[in-house]
Amino acid sequence: MCSRWVVLAFYCLGQLCAGQSLKPQIAAPELATNNPTLTTVALEKPFCVFDSSLYPNKSYVIYLYAMKELASAISSLVTTTNSKPLNSTFQQTSGGKLGPYKAAVFNVPNCASPPKFTDVGDVNKVSDVLKQYLFRVGDDGTCLYDPNFLAVCNPPLTPDTTYRFKYVLVDSTEGIMKDQTLWSDPIKTRRAKLPLKIDTWPGGRSGGMIVITSILSVLVFLLLAGLLASVSSAVMGSEASSAETKHMSQTVQQSEPRPQLSSE
């Protein structure tokens, strides 16, 4: 059943590519569950989007830009005046707050020869197939802190924050922009739950319910402890009373005079 859903999702993705979407799309739920997360967003790669801009004997790559929703329209430009793509980094733009930053560079997806649907049912191949179709923004948690990292850094996004994304087709020989998509629709990362709101118990108990349950548990423990102490005290008192009664009985018997036999 699961493989049927994945195949159906790929079919829908193919239909989308055929329509040549003009802006990045968030990955379908069948392709990427729990998307967006707190710090990542999975996007569909631009299959067949730039085909009309590709020329033979030319080398191209795709640049992916990201920026926060609050960035101004003026700062949303991704090229210089001479059509050179910007190389702004995550750090230089304060994580996309001041403008777009380059989050990734990858090869142009091959529209004529996409991954085979039959490979989806193969557990050993499904991961590679999804990587060819999708790109996850914010998936590198170490590049910011690695002084030797020289590639494009794709650090985690900010939770509960709205982002927009753009694909740019770049002629890697000339180093200039040849085509680009529109900015994506706003996509918001998830909000982190407060500790008291995290549901860690079966039944969905809230933080207040947990406190009440804890108090009741303590009261029940004290009640049982008191009851046990009372029963123990009563048993010990009963044993002491029985011992005292037995001792008094023996004392009375010893103090009674024995009858003397008369001699005739």
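Residues numbered from 1 in each chain as written. Predicted model: local features only at pLDDT ≥ 70, side-chain atom pairs only at ≥ 80, totals over all residues. Heavy atoms only, no water.

Peer 1: What should I look at first to understand the nonpolar core in this one?
Peer 2: If you look at soluble globular proteins, the nonpolar side chains tend to sit buried side by side. Within the largest apolar cluster, 21 residues are counted, with the highest numbers of intra-cluster contacts made by Leu 43, Leu 64, Phe 106, Val 137, Leu 157, Phe 165 and Tyr 167. When contributions to this core are tallied by element, the ones reaching two or more residues are β1 (41–44), β2 (60–68), β3 (101–107), β4 (134–137) and β5 (162–171). (Core = buried A, V, L, I, M, F, W, Y, C linked by side-chain atoms within 4.5 Å. Buried < 20%, exposed > 50% of the residue type's maximum accessible area, 1.4 Å probe, protein only. Helix = DSSP H or I, 4+ residues; strand = E, 2+ residues; numbered from the N terminus.)

Peer 1: I would appreciate a short explanation of the state of the cysteines in the present structure.
Peer 2: Defined simply, a disulfide is a covalent bond joining two cysteines at their sulfur atoms. Following the criterion strictly, the structure yields 2 disulfides and no others. The residue that forms a disulfide with Cys 48 is Cys 111, at a sulfur-sulfur distance of 1.7 Å. Looking along the S-S bond of the Cys 48-Cys 111 disulfide, the torsion reads about 85°, which is the right-handed sense. You can see Cys 48 sitting in the loop between β1 and β2 and its partner Cys 111 sitting in the loop between β3 and α2 (126–133), a full 63 residues away along the chain. Across the disulfide from Cys 143 sits Cys 153; the S-S distance is 1.9 Å. The disulfide joining Cys 143 to Cys 153 has a torsion of about 65° about its S-S bond and is therefore right-handed. Of the two residues, Cys 143 is situated in the loop between β4 and β5 and Cys 153 in the loop between β4 and β5; the sequence distance between them amounts to 10 residues. Owing to a relative accessible area of 5%, Cys 143 belongs among the buried residues under this scheme. With cysteine numbering restricted to those in disulfides and following the sequence, the protein has the pairing 1-2, 3-4. (Disulfide = S-S within 2.5 Å.)

Peer 1: Sorry if this is basic, but what is going on with unusual backbone geometry here?
Peer 2: If a residue is not glycine, its phi is most likely negative; likewise, a peptide bond is most likely trans. Here the bond from Asn 35 into Pro 36 is cis, since omega is 0°, no more than 30 degrees from zero. In this structure, Pro 36 sits in the loop between α1 (2–18) and β1. At Asn 34, a residue that is not glycine, the phi angle is positive and equals roughly 55°. Turning to its location among the elements, Asn 34 is positioned in the loop between α1 and β1.

Peer 1: Explanation requested: the environment of Lys 188 in the structure shown.
Peer 2: Mapped onto the fold, Lys 188 is located in strand β7 (residues 187–188). Residue class for Lys 188 comes out partly exposed when judged on its relative accessible area of 45%. Each C-alpha atom, one on Lys 188 and one on Val 41, is 8.5 Å from the other, the two residues being 147 residues apart in sequence. The residues contacting Lys 188, other than those within four sequence positions of it, are Pro 36, Asp 160, Thr 161 and Thr 162. Of the polar contacts made by the side chain of Lys 188, one reaches the side chain of Asp 160; its length is 3.2 Å. (Contact = heavy atoms within 4.5 Å. Polar contact = N/O pair within 3.5 Å; in protein donor to acceptor, adjacent residues only side chain to side chain.)

Peer 1: I'm lost on the pattern of salt bridges in this one. Help?
Peer 2: Opposite charge on two side chains permits pairing when their charged atoms draw close. Summed over all chains, the structure comprises 7 salt bridges. Between Lys 58 and Asp 171 there is a salt bridge, with its nearest N and O atoms 3.8 Å apart. Here Lys 58 is found in the loop between β1 and β2, whereas its partner Asp 171 is found in strand β5, with 113 residues between them in sequence. Exposure remark for Lys 58: the relative accessible area of 40% places this residue in the partly exposed category. For Asp 171, a relative accessible area of 0% puts it in the buried group. Between Lys 188 and Asp 160 there is a salt bridge; the shortest N-O distance is 3.2 Å. With Lys 188 in strand β7 and Asp 160 in the loop between β4 and β5, this residue pair connects regions lying 28 residues apart in the sequence. A residue is classified by how much of its surface remains accessible, and Asp 160, at 29% relative accessible area, is partly exposed. Among the charged side chains, a salt-bridge network with shared partners connects Lys 58, Asp 171, Glu 174 and Lys 178. (Salt bridge = Lys/Arg side-chain N within 4 Å of Asp/Glu carboxyl O.)

All we've got here are geometric facts, nothing functional implied.
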